[in-house]
Amino acid sequence: MILAPSLLSCDFIRLGEELAALEAAGLQWAHLDVMDGLFVPNLTFGPPVIRRMREVSRLFFDVHLMIERPERSLAAYAEAGADMLVVHVEAARHLARVLAEIRALGVKAGAALNPATPLSVLDYVLPDLDMVLVMSVNPGFAGQSFLPLAYNKVRALRRKLDEAGSSALIQVDGGVDISNAALLAQAGAAVLVSGSAFFKFPPYADRYKAFMAAVGSVDSGKNSRQEV
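Residues numbered from 1 in each chain as written. Predicted model: local features only at pLDDT ≥ 70, side-chain atom pairs only at ≥ 80, totals over all residues. Heavy atoms only, no water.

Chemist: Teacher, can you tell me more about the packing of aromatic side chains here?
Modeler: If you walk through the whole model with that rule in mind, you get six aromatic pairs. Measuring from ring centre to ring centre gives 6.0 Å for Phe-12 and Phe-45, while their planes differ by 50 degrees; the resulting arrangement is tilted. With a gap of 33 residues between them, Phe-12 in the loop between strand E1 (2-5) and helix H1 (15-24) and Phe-45 in the loop between strand E2 (29-35) and helix H2 (47-56) connect regions that are remote in the sequence. Seen in terms of ring centroids, Phe-146 and Tyr-151 are 5.1 Å apart; in terms of plane orientation they differ by 55 degrees. Their pairing is tilted. Owing to a relative accessible area of 16%, Tyr-151 belongs among the buried residues under this scheme. A cation over an aromatic ring shows up here: Arg-54 above the ring of Phe-61, its NZ or CZ 3.8 Å from the ring centre. Its end group placed over the ring of Phe-201, Arg-207 keeps NZ or CZ at 4.0 Å from the ring centre. (Phe/Tyr/Trp six-rings, centres within 6.5 Å; stacked < 30°, edge-to-face > 60°. Helix = DSSP H or I, 4+ residues; strand = E, 2+ residues; numbered from the N terminus. Buried < 20%, exposed > 50% of the residue type's maximum accessible area, 1.4 Å probe, protein only. Lys NZ or Arg CZ within 6 Å of the ring centre and 35° of its normal.)

Here it is in structure tokens:
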């Protein structure tokens, strides 16, 4: 199991220290939520902030682009230091082309689905995916309650990926905490994104261990920047 704390819930005044604290606690991933005020109502940060974070961190940067027309800025996020770019299928008009552009930039490619978006939209792009993000809240704001419909969606996606022979990871984002982590792992999720349920409970090393204990897992060594 890979735990990817969402930096949207960290202390932005101490962003560099927060990144260092995650590394010191043994985490390998950080989830970066990019919002444009159009695809979702909120605004967060863009390539300049990510570039500064990359200068001080070796974490795997899982960059979740909640933006309209992501194809216009893929290169900027890759150059800033993203290790994976995840675009929303609802925002990418030509999904296969966008995923190909991401791969051409030398970073991992992922697709995100809002809660009401069916899995069938992925049928013709599965070979192009390194990860599928199942949203378990409607995107835009941190601290929302988990939508239980995600369990069946993850199970169905796990079957779809297995039948296609795909090695893509399944990620779940939204309302993820210790109470639902085990069920999500059992359903087939390999990457869990947690924001306030992680950052509000320091020290981070103890919280990380608590999440791993909840899913009955230990760090297998696969949640590293080199082995994704």
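Having put the structure on the table, let's press on.
Chemist: How should unusual backbone geometry be read in this particular structure?
Modeler: Peptide bonds are, in most cases, trans, and in most cases residues other than glycine have a negative phi. Pro-203 follows Pro-202 through a cis peptide bond whose omega is 0 degrees. With respect to the helices and strands, Pro-203 occurs in the loop between helix H7 (196-199) and helix H8 (204-214). Backbone geometry places Arg-69, a non-glycine residue, at a positive phi of 45 degrees. Tracing the backbone shows Arg-69 in the loop between strand E3 (60-66) and helix H3 (74-80).

Chemist: I keep staring at the nonpolar core and nothing clicks. Help me out?
Modeler: In a soluble, globular protein the nonpolar side chains are often hidden away together inside. The biggest cluster of nonpolar side chains holds 66 residues, and the ones touching the most others in it are Leu-7, Ile-50, Val-63, Leu-85, Leu-122 and Leu-192. Top contributing element to this core by residue count: helix H5 (residues 149-164), with five residues. Setting aside its immediate chain neighbours within four residues, Ile-50 contacts Leu-32, Val-34, Phe-45, Phe-61, Val-63, Tyr-77 and Ala-80. By size, the runner-up hydrophobic cluster in this structure holds 13 residues, among which are Ile-2, Met-131, Met-135 and Val-191. (Core = buried A, V, L, I, M, F, W, Y, C linked by side-chain atoms within 4.5 Å. Contact = heavy atoms within 4.5 Å.)

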